[in-house]
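# Structural characterization, general
Here's the letter readout for the chains.
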Amino acid sequence: MFGDKAKKLVYIGSDHAGVKAKELLHTHLKEAGYDSTDLGTFTEEPCDYPDIAREVGEKVKEHDGSFGILICGTGIGMSMAANKLRGIRAAMVTDENMAELSRKHNNANVICMGARISTPEMITKMTDKFLTTTFDAEERHAKRVIKIDEM
Ligand code: RB5
């Protein structure tokens, strides 16, 4: 489905608030042909979203060209935490347009969504859009993303 033989590497994680949405999305991604690794959490037992954001972010940093998906109640805490990691550009999105532009203009490598904000259907659509959109590497966007990475 990607035009080349390599499967796109995806790391997915959530806290307890996002665990159901995350499991549905992980299944969808595997069915769609992505190499998706679920890094937890795996139950509705309360856990701390920064721990999951760190795990997913570290994997994305380790594997060039991979993407991260993070789901918590709002998407806000996950994005705050993931953006603390150098090299991670995490975008908190609530619609498909934001998901698309986060790739095109910001070269986001992590998408963060809220299971208490968006339906599972919207979460699937936003993720599909995110994973199938490429960075529009024209100079004005590229120089701004470099500035982010240098901060
Ligand atoms: C957990 O109750 C909730 O605070 C968390 O999922 C997230 O929304 C934080 O940003």
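Residues numbered from 1 in each chain as written. Predicted model: local features only at pLDDT ≥ 70, side-chain atom pairs only at ≥ 80, totals over all residues. Heavy atoms only, no water.

Here the focus is the overall build of the protein chain. Of the regular secondary structure elements, the protein chain holds six helices and five strands. Beginning at the N terminus, the succession of helices and strands in the protein chain can be written as β-α-β-α-β-α-β-α-β-α-α. Computed over the C-alpha atoms, the radius of gyration of the protein chain is 14 Å, within 12% of the 15 Å expected from 2.2 N^0.38 for a compact globule of 151 residues. Projecting the C-alpha coordinates of the protein chain onto the three principal axes gives extents of approximately 45 × 35 × 30 Å. Within the protein chain, the fraction of its 151 residues that count as buried is 42%. Of all intrachain contacts in the protein chain linking residues separated by at least 6 positions in sequence, the fraction that spans at least 24 positions is 68%. (Helix = DSSP H or I, 4+ residues; strand = E, 2+ residues; numbered from the N terminus. Rg over C-alpha atoms; globule rule 2.2 N^0.38 Å. Buried < 20%, exposed > 50% of the residue type's maximum accessible area, 1.4 Å probe, protein only. Contact = heavy atoms within 4.5 Å.)

Take the pattern of salt bridges next. According to the stated counting rule, one finds eight salt bridges in the structure shown. Here lysine 20 and glutamate 44 are joined by a salt bridge, their closest N and O atoms 3.8 Å apart. Highlighted residues: lysine 20 in helix 1 (residues 19-31) and glutamate 44 in the loop between strand 2 (35-38) and helix 2 (49-62), separated in sequence by 24 residues. In this pair, the class of lysine 20 matches that of glutamate 44, namely exposed. A salt bridge links glutamate 100 to lysine 104, with the nearest nitrogen and oxygen atoms 3.3 Å apart. Of this pair, glutamate 100 and lysine 104 both sit in helix 4 (residues 96-104), four residues apart, which is roughly one turn of the helix. (Salt bridge = Lys/Arg side-chain N within 4 Å of Asp/Glu carboxyl O.)

It is worth spelling out helix 2 at this point. Given 3.6 residues to a turn, an α-helix orients residues that are three or four positions apart in the same direction. For helix 2, built from 14 residues, the straight-helix expectation of 20 Å at 1.5 Å per residue is met to within 8% by its first-to-last C-alpha distance of 20 Å. Looking only at helix 2, the buried set comprises Ile52, Ala53, Val56, Gly57 and Val60. Along the axis of helix 2, the buried residues cluster in a sector spanning 125°; they form a single face. Facing away from the buried surface of helix 2 by more than 90 degrees, the exposed residues are Arg54 and Glu62. Check the buried side of helix 2 and you find it contacts strand 1 (9-14), strand 3 (67-72), helix 3 (76-82) and strand 5 (110-114). (Expected span 1.5 Å × (residues − 1). Arc of directions from axis to C-beta.)

With that out of the way, let us pick up the packing of helix 1 against helix 5 (residues 120-132). Running from N to C, helix 1 and helix 5 cross one another at 45°; their axes reach a closest spacing of 10 Å. By the criterion of interaxial angle, the relationship of helix 1 to helix 5 is oblique. In this structure, helix 1 crosses over helix 5, and the sense of that crossing is right-handed. In contact with Ala21, Leu24, Leu25, His28 and Leu29 of helix 1, helix 5 contributes Pro120, Ile123, Thr124, Thr127, Asp128 and Leu131. Each residue belonging to the contact of helix 1 with helix 5 can be placed in one class, and the counts come to seven nonpolar, three polar and one charged. (Axes fitted to C-alpha atoms, helices over the stretch in contact; angles between N-to-C directions. Parallel < 35°, antiparallel > 145°, perpendicular 65-115°, else oblique. Left-handed = near helix turned anticlockwise from the far one by under 90°. Nonpolar A, V, L, I, M, F, W, Y, C, P; charged D, E, K, R; others polar.)

Turning to the packing of aromatic side chains, a few remarks are in order. Following the criterion strictly, the structure yields one aromatic pair and no others. In this structure, arginine 103 is placed above the aromatic ring of phenylalanine 130, and the distance from its NZ or CZ to the ring centre is 5.9 Å. (Phe/Tyr/Trp six-rings, centres within 6.5 Å; stacked < 30°, edge-to-face > 60°. Lys NZ or Arg CZ within 6 Å of the ring centre and 35° of its normal.)

Any functional reading would require information beyond the geometric quantities listed.
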